Amino acid sequence: MGPYLHRSPAPWEHANGCHSHLPGAMLEPRQQILPRHTAFPITHSQVRSNPEESVTESFARVIHGLTVEHLTDHVIQRSKRMILDTLGVGFLGTNTEVFHKASEYSKIYSSNVASTVWGQPDLRLPPTYAAFVNGVAIHSMDFDDTWHPATHPSGAVLPVLLALSEALPPSPKCSGLDLLLAFNVGIEVQGQLLRFSREANDIPKRFHPPSVVGTLGSAAATSKFLGLSMTKCREALAIAVSHAGAPIANAATQTKPLHIGNAARHGMEAAFLAMLGLQGNRQILDMQTGFGAFYANYSPKVLPNLDSHTWLLDQQDVAFKRFPAHLATHWVADAAASVRKHLVTDRALLPIDRIARIVLRIPDVQYVNRPFPDSEHEARHSFQFVACATLLDGGITVPSFHKCQINRPQVRELLSKVELEHPQDNLPSFNTLYCEISVTLNDGATFTERSDTFYGHWRKPLSQEDLREKFRANASSVLSCDTVERLTEMVENLEDLEDCSVLTTLLKGPSSPEMVSKSIYLSNLSTVLKR
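Residues numbered from 1 in each chain as written. Predicted model: local features only at pLDDT ≥ 70, side-chain atom pairs only at ≥ 80, totals over all residues. Heavy atoms only, no water.

Caption draft 1: Layout of the overall build of the protein. Scanning the protein from N- to C-terminus turns up 20 helices and six strands. Buried positions account for 61% of the 531 residues belonging to the protein. Put simply, of all contacts in the protein between residues at least 6 apart along the chain, 79% involve residues at least 24 apart. Carbon together with sulfur atoms contributes 51% to the accessible area of the protein, which is approximately 20,100 Å² in total. (Helix = DSSP H or I, 4+ residues; strand = E, 2+ residues; numbered from the N terminus. Buried < 20%, exposed > 50% of the residue type's maximum accessible area, 1.4 Å probe, protein only. Contact = heavy atoms within 4.5 Å. Areas by Shrake-Rupley, 256 points an atom, 1.4 Å probe, with all protein chains shown as cover.)

In structure tokens:
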């Protein structure tokens, strides 16, 4: 049998060749029913920690014990914004080369159960691989949400839950509240883990955070969605740690989006393996040689009792990007746009020949220091490129990272004039960094502007209408206008949705190419994101 005819058995298929129809057959008898929040009576021991409880056990207790009653209105509203944005950037990402390579590879796998690949009506994959390619799409342009401490929280979790919602038995139905609960459990686990290390507060230097905490967030969300026992939740986390981790050296390459796709897939696989009885270290989150291997100064703590639970998302919102590039470059774009107003009047062109020097005062983040980027992925991770493109064009949009835009002679000339400075007070943290830009002309005149917070940061969040417009612009690259509006309304009222299959049906995209032309789409997107 040739490699492209290989059929990978679904993780819920028995070794003796007998196939269960769906993963529900792997669940213990009390775990086979939805809704998840009513599948088990919550006992006193599940709500309260005991003095001898390990950190790992406390995470399993929280994953298993949280219910929709714990969700606050604030958390529901914030997580719905995250879901809407993640879907939009995922749809846009299905147009990228890295998505097409990942989906082409994944076609060699099949199973008796399949899930939707977003925006691809003719392509369905086993749930783990649907989660993988949808996760790749989400991060393929670095357009997804960013949290503090630094990670991209949604991309490793949402594709898993939507893939599973199609794979589970149709009765009882999976509701929007089930989805919101599992999503927030996956987000919460990531945030709690990141707070165990001072290193995690900074922009990463060694591991790409979504490949680490995202894998465990995926495992936690899967475990919650499937209603696993506390023991199985603990095992899923232990297995996920052995799946986690990817080096930051692959930032600014086509491989970086795989970090999100792999986190989604591997977290789901960890939960499936736990369901099959695979065991790992019971104290994996307690140990320096366990999860602590990923972060310096690792100091884990037992999670509080559920009767006093507060969500991290209640305390710390996420940032939504207005253009597809590393979050730190958004301060640069904001400051550069302000400086440009001193240099250009009305619709005049930037006087490149009059510019002698451009100085960027930014944190020392080496993987975003790319003086002459050669690819779209390098340009998305280049302080210098984003500054020069903003000065030249007045703003950054999706087409700004096309090869022809990167290689413009005017851009290369400006890049040659850029210098970086790293002030000691400008620390590499998304919560405190700033960008100051100075442009000096040939006559000695210097114009300086500074950005402490850009529009879209959690301190200056996008309005709901602007978030909708971003989603519409991104999703309309794949979906019809009618489907885009139906999805928008559905996600904004997700807590009232009785059956998630209605949502997943819309994700498939059009059955025929009733698409807006590319030129109209790009024009609309440019207009929205320049605001």
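Here the narrative resumes.
Caption draft 2: Up close: the packing of helix α3 (residues 73-93) against helix α7 (residues 176-194). Relative to each other, α3 and α7 sit at 85°, their axes nearing to 11 Å. Taken together, the axis directions place α3 and α7 in an arrangement best described as roughly perpendicular. In this structure, α3 uses Val75, Ile76, Ser79, Lys80, Met82 and Ile83 to contact α7, whose residues at the interface are Leu180, Phe183, Asn184 and Ile187. (Axes fitted to C-alpha atoms, helices over the stretch in contact; angles between N-to-C directions. Parallel < 35°, antiparallel > 145°, perpendicular 65-115°, else oblique.)

Caption draft 3: The sheet that holds strand β5 (residues 435-441), seen in detail. The sheet built from four strands is open, its strands ordered β4-β3-β5-β6 with mixed pairing. Of all strands in the sheet, those with a lone pairing partner are β4 (418-421) and β6 (446-451), marking the two edges. For this sheet the average axis-to-axis angle between neighbouring strands, irrespective of direction, equals 15°. In this structure, β5 lies alongside β6, joined through six bridges in antiparallel fashion. Note that in β6 the partner of Ile437 across the bridge is Glu449. Across the face of the sheet, helix α14 (residues 383-393) comes into contact with β3 (355-361), β4 and β5 while running at roughly 130° to β3. (Pairing = 2+ DSSP bridges.)

Caption draft 4: Quick peek at the pattern of salt bridges. Overall, the coordinates contain 25 salt bridges when judged by the stated rule. Two residues, Lys417 and Glu413, come together in a salt bridge whose shortest N-O distance is 3.8 Å. When its relative accessible area of 15% is taken as the criterion, Lys417 is described as buried. What you see here is one network of salt bridges that share partners, running through Glu465, Arg468, Glu469, Arg472, Glu485 and Glu492. (Salt bridge = Lys/Arg side-chain N within 4 Å of Asp/Glu carboxyl O.)

Caption draft 5: Highlighting the nonpolar core. Leu87, Leu216, Leu285 and Phe291 are the most contacted members of the largest nonpolar core, which has 112 residues in total. For this core, the element with the highest residue contribution is α7, accounting for 10 residues. Every residue in contact with Leu285, bar those within four places of it in the chain, is listed here: Val55, Thr56, Phe59, Leu193, Leu216, Leu237, Val241, Phe291, Tyr298 and Pro300. (Core = buried A, V, L, I, M, F, W, Y, C linked by side-chain atoms within 4.5 Å.)

Caption draft 6: Spatial organisation of the side chain of Thr329. Assignment of secondary structure puts Thr329 in helix α12 (residues 329-343). Accessibility expressed as a relative area gives 0% for Thr329, which makes it buried. Setting aside chain neighbours within four positions, we find Thr329 in contact with Phe323, Val368, Arg380, Ser382, Phe383 and Val386.

Caption draft 7: Region of interest: helix α17 (residues 464-475). In a regular helix each residue adds 1.5 Å, so 12 residues correspond to 16 Å; α17 covers 16 Å between its end C-alpha atoms and thus fits that length. Regarding α17, the residues found buried are Leu467, Glu469, Lys470, Phe471, Ala473, Asn474 and Ala475. (Expected span 1.5 Å × (residues − 1).)

Caption draft 8: Geometry of α7. For α7, which comprises 19 residues, the first-to-last C-alpha distance of 27 Å matches the rise-based estimate of 27 Å (1.5 Å per residue) to within 8%. With 18 of 19 residues buried, α7 is to be regarded as a mostly interior element.

Caption draft 9: View of a nonpolar patch on the surface. Where nonpolar side chains cluster on the molecular surface, the patch consists of Leu273, Leu276 and Leu278 and spans about 250 Å² of accessible area. Looking at where Leu273 falls in the secondary structure, it is placed in helix α10 (residues 256-275). (Patch = residues over 30% accessible without salt bridge, like charges linked within 9 Å, V, L, I, M, F, W, Y side chains within 5 Å.)

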